[in-house]
Amino acid sequence: ANTAVTKEVLELRQDLEATAGDRVRFGYDSASLTPAAQKTLREVAQFIIKNQKSLNNVVIEGHCDERGTREYNLALGDRRAVAVKKFLVGAGVPKN
């Protein structure tokens, strides 16, 4: 059963990457969602809502390049992840 779940999750991830993409880009030193990011996230939200019975959870991570201090980049990555989560929840994705 565990192998089936893993295969299903892998197939869902591949479907997500093919239909919506699995990442958004931010401007330099910014946690604001660009119009392109919002378009991608609307598609991601639709995908999550459509497949929520098969998804146990969704992981949102915020990343940065290596410029700046470690602490600053961790905080910026967190702000980016929060911006994405707020957008997805606003688009109808369940909060939990």
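Residues numbered from 1 in each chain as written. Predicted model: local features only at pLDDT ≥ 70, side-chain atom pairs only at ≥ 80, totals over all residues. Heavy atoms only, no water.

Peer 1: Please give an account of the overall build of the chain that cites residues and values.
Peer 2: Helix and strand counts for the chain come out as three helices and zero strands. Seen in sequence order, the chain has helices and strands lined up from the N terminus as α-α-α. Considering only contacts in the chain between residues 6 or more positions apart, those separated by 24 or more positions represent 58%. For the chain, the accessible area works out to roughly 7100 Å², and carbon and sulfur atoms hold 52% of it. (Helix = DSSP H or I, 4+ residues; strand = E, 2+ residues; numbered from the N terminus. Contact = heavy atoms within 4.5 Å. Areas by Shrake-Rupley, 256 points an atom, 1.4 Å probe, with all protein chains shown as cover.)

Peer 1: Any details on unusual backbone geometry? Residues and values, ideally.
Peer 2: Even without being a glycine, Asp 29 presents a positive backbone phi close to 55°. Within the secondary structure, Asp 29 sits in the loop between α1 (2–19) and α2 (35–51).

Peer 1: Quick one: what's the story with the pattern of salt bridges, residue by residue and with numbers?
Peer 2: If the charged atoms of two oppositely charged side chains come close together, the side chains can form a pair. Counting across every chain of the model gives two salt bridges. Put simply, Glu 43 and Lys 39 hold a salt bridge, and the shortest N to O gap is 3.0 Å. Separated by four residues within a single helix, Glu 43 and Lys 39 lie in helix α2, roughly one turn from each other. Its relative accessible area of 47% is what places Lys 39 among the partly exposed residues. A salt bridge links Arg 67 to Asp 65, with the shortest nitrogen-to-oxygen separation between them at 2.4 Å. Look at Asp 65 and you get partly exposed, because its relative accessible area is 31%. (Salt bridge = Lys/Arg side-chain N within 4 Å of Asp/Glu carboxyl O. Buried < 20%, exposed > 50% of the residue type's maximum accessible area, 1.4 Å probe, protein only.)

Peer 1: Hey, could you go over the layout of surface pockets for me, with residue numbers and the actual values?
Peer 2: Roughly 300 Å³ of internal volume is contained in the second largest pocket. Along the wall of the second largest pocket there are 14 residues; nearest its centre are Val 58, Val 93, Pro 94, Lys 95 and Asn 96. With three residues, the top contributor of residues to the lining of the second largest pocket is helix α3 (residues 70–90). Class assignment for the residues of the lining of the second largest pocket results in eight nonpolar, four polar and two charged. (1 Å grid on protein atoms, 1.4 Å probe; cavity = no way out; pocket = protein on both sides within 12 Å on 5 of 7 lines; lining within 4 Å. Points joined across faces, edges and corners; volume = space filled by probe spheres on them. Nonpolar A, V, L, I, M, F, W, Y, C, P; charged D, E, K, R; others polar.)

Peer 1: Tell me about the nonpolar core, and name the residues and values.
Peer 2: Generally speaking, a soluble globular protein has its nonpolar side chains buried in company with each other. Among the nonpolar cores identified, the biggest contains 16 residues, and Val 24, Leu 33, Leu 41, Val 84 and Leu 88 are the most heavily contacted of them. Secondary structure elements with two or more residues in this core: α1, α2 and α3. Among the elements that make up this core, the one with the highest residue count is α2 (six residues). Beyond its immediate stretch of four places on either side in the chain, Leu 41 contacts Val 24, Leu 33, Val 84, Phe 87 and Leu 88. (Core = buried A, V, L, I, M, F, W, Y, C linked by side-chain atoms within 4.5 Å.)

Peer 1: Could you give an account of α2, with specific residues and numbers?
Peer 2: A rise of 1.5 Å per residue sets the reference length of α2, with its 17 residues, at 24 Å; its end C-alpha atoms lie 24 Å apart and thus fit the reference within 8%. Taken as a whole, α2 has its buried residues at Ala 37, Thr 40, Leu 41, Val 44, Ala 45, Phe 47, Ile 48 and Asn 51. The buried residues of α2 all sit within an arc of 165° when viewed along its axis, so they share a single face. Counted as exposed and oriented over 90 degrees from the buried face of α2: Pro 35, Gln 46 and Lys 50. (Expected span 1.5 Å × (residues − 1). Arc of directions from axis to C-beta.)

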